[in-house]
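Architecture and fold: a report
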Amino acid sequence: MNVGVLGTGMVGRTLAWGLSEIGHDPMIGTRDPAALAGRTDRDAMGNQPFPEWHAEHPSVGVGTFAEAGAHGSMIFNATSGAASLEALHLAGEANLDGKVLVDVSNPLDFSQGFPPSLFVANTDSLAEQIQRTFPGARVVKSLNTMSAPLMVDPAAVGGGEHVVFVSGDDAAAKGDVSTLLRDGWGWQHVIDLGDLSSARGAEMYLLLWLRLMGSLDTPRFNISLVR
Ligand SMILES: NC(=O)c1ccc[n+]([C@@H]2O[C@H](COP(=O)([O-])OP(=O)(O)OC[C@H]3O[C@@H](n4cnc5c(N)ncnc54)[C@H](OP(=O)(O)O)[C@@H]3O)[C@@H](O)[C@H]2O)c1
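Residues numbered from 1 in each chain as written. Predicted model: local features only at pLDDT ≥ 70, side-chain atom pairs only at ≥ 80, totals over all residues. Heavy atoms only, no water.

Some details on the pattern of salt bridges
Where charged atoms from two side chains of opposite charge come close, those side chains can pair. For clarity, the threshold we go by: Definition used for salt bridges: Asp or Glu carboxyl oxygen within 4 Å of a side-chain nitrogen of Lys or Arg. Put simply, DSSP marks the helices as runs of H or I at least four residues long and the strands as runs of E at least two long, and each gets a number from the N terminus on. For each residue, the accessible area found with a 1.4 Å probe, counting protein chains only, is set against the maximum for its type, and the residue is called buried under 20%, exposed over 50%, and partly exposed in between.
Inspection of every chain in the model, using the stated rule, returns 6 salt bridges. A salt bridge links Arg-200 to Glu-128, with the shortest nitrogen-to-oxygen separation between them at 2.9 Å. Of this pair, Arg-200 sits in helix 10 (residues 199-216) while Glu-128 sits in helix 7 (residues 126-133), placing them 72 residues apart in sequence. The exposure class of Glu-128 is buried, given its relative accessible area of 11%. Put simply, Asp-170 and Arg-138 hold a salt bridge, and the shortest N to O gap is 2.7 Å. A residue pair is termed long-range when its members are at least 10 positions apart, and Asp-170 in the loop between strand 9 (163-168) and helix 9 (171-184) and Arg-138 in strand 8 (residues 138-142) qualify at 32 residues. Relative accessible area serves as the criterion here: at 21%, Arg-138 is assigned to the partly exposed category. By sharing partners, the salt bridges in this structure join Asp-103, Lys-141 and Glu-203 into a single network.

Listed below in structure tokens is the structure:
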């Protein structure tokens, strides 16, 4: 399957390589591929400059947001939450129409420093904003509740006995994403939270996730449910 991965950060890179490793054909989207190819700086998290990463992962295609949008029959939004609507506009509404759009972003507001707050919460979510702005896209919120490496390798902690959520209004789209999560990346426990308004809880969990990361002093953890 051709997949467009919007986002050049740790999440976009991880998802793109994770898709490539299970036989898909990912293209990473960015605002300006030439500028991206010239980057020499590490990001705020200390990740290597994109060209260095790409040299080690040459099977991953790179294009503009619009080229990645056109390439994918499924699209991942792995852009900064504050810029996601802008990035999706650049990807092009026509390139999203009728496609499953997996929204991995979080609505983090760093304007007051760390830890961030959320710029939308409680009665709305970024996923719902995206769905309202692009009504033809089949938005599924998922994978935003764990750190990037675990998204494509849940067995890296706890033997994989932990959960990933899906939220969305389109049952078939959630089914496609759940299949990819289970059969592609080995998620044993995919929990359907319900319609897209359930993304509010998944996004608001970030406030707890950030504090857990501080207390545990690692991002390598996830939610495991006992019932
Ligand atoms: N890091 C994690 O482990 C993790 C886990 C779960 C969820 N998330 C969420 O996943 C998303 C991606 O996180 P990340 O850490 O990989 O990367 P990030 O630094 O949050 O986002 C990088 C991407 O955002 C794009 N971007 C930034 N400003 C933009 C603007 N004004 N217009 C258009 N695009 C813009 C960048 O485009 P260019 O390529 O053009 O620079 C780049 O592709 C975020 O929403 C984050 O909250 C992260």
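Section: the site of the ligand
Put simply, the rule reads: Consider each residue's heavy atoms; a residue with any of them within 4 Å of a molecule or strand counts as near. N or O atoms closer than or at 3.5 Å make up a polar contact, with two conditions inside protein: a donor-capable atom paired with an acceptor-capable one, and, for residues adjacent in sequence, both atoms drawn from side chains. Here, Shrake-Rupley sampling with a 1.4 Å probe gives the accessible areas, and only protein chains in the shown set may cover a residue.
Taken together, 24 residues lie around the ligand, and Thr-8, Val-11, Thr-30, Arg-31 and Thr-79 are the ones closest in. Gly-81 is positioned with one of its backbone polar atoms (N or O) 3.3 Å from an oxygen atom of the ligand. In the complex, 78% of the free accessible area of the ligand, which totals 890 Å², lies under the protein chains. Elements with a contribution of two residues or more to the shell around the ligand: helix 1 (10-21), helix 5 (84-91) and helix 8 (148-151).

Some remarks on the nonpolar core
For clarity, the threshold we go by: Note on terminology: a nonpolar core comprises buried Ala, Val, Leu, Ile, Met, Phe, Trp, Tyr and Cys residues joined through side-chain atoms within 4.5 Å. In what follows, a contact means two residues having at least one pair of non-hydrogen atoms within 4.5 Å.
One finds Leu-15, Phe-76, Leu-143, Leu-181 and Trp-185 to be the most contacted residues of the largest nonpolar core, which totals 33 residues. Of all the secondary structure elements, the ones that give two or more residues to this core are strand 1 (2-6), helix 1, helix 3 (50-56), strand 4 (74-77), strand 5 (100-103), helix 8, strand 9 and helix 9. Looking at this core, the element that brings in the most residues is helix 9, giving 4 residues. When near neighbours in sequence (up to four residues on either side) are disregarded, Phe-76 contacts Val-3, Gly-4, Val-5, Leu-6, Leu-15, Leu-19, Leu-101, Val-102, Val-104, Leu-143, Leu-180 and Trp-185.

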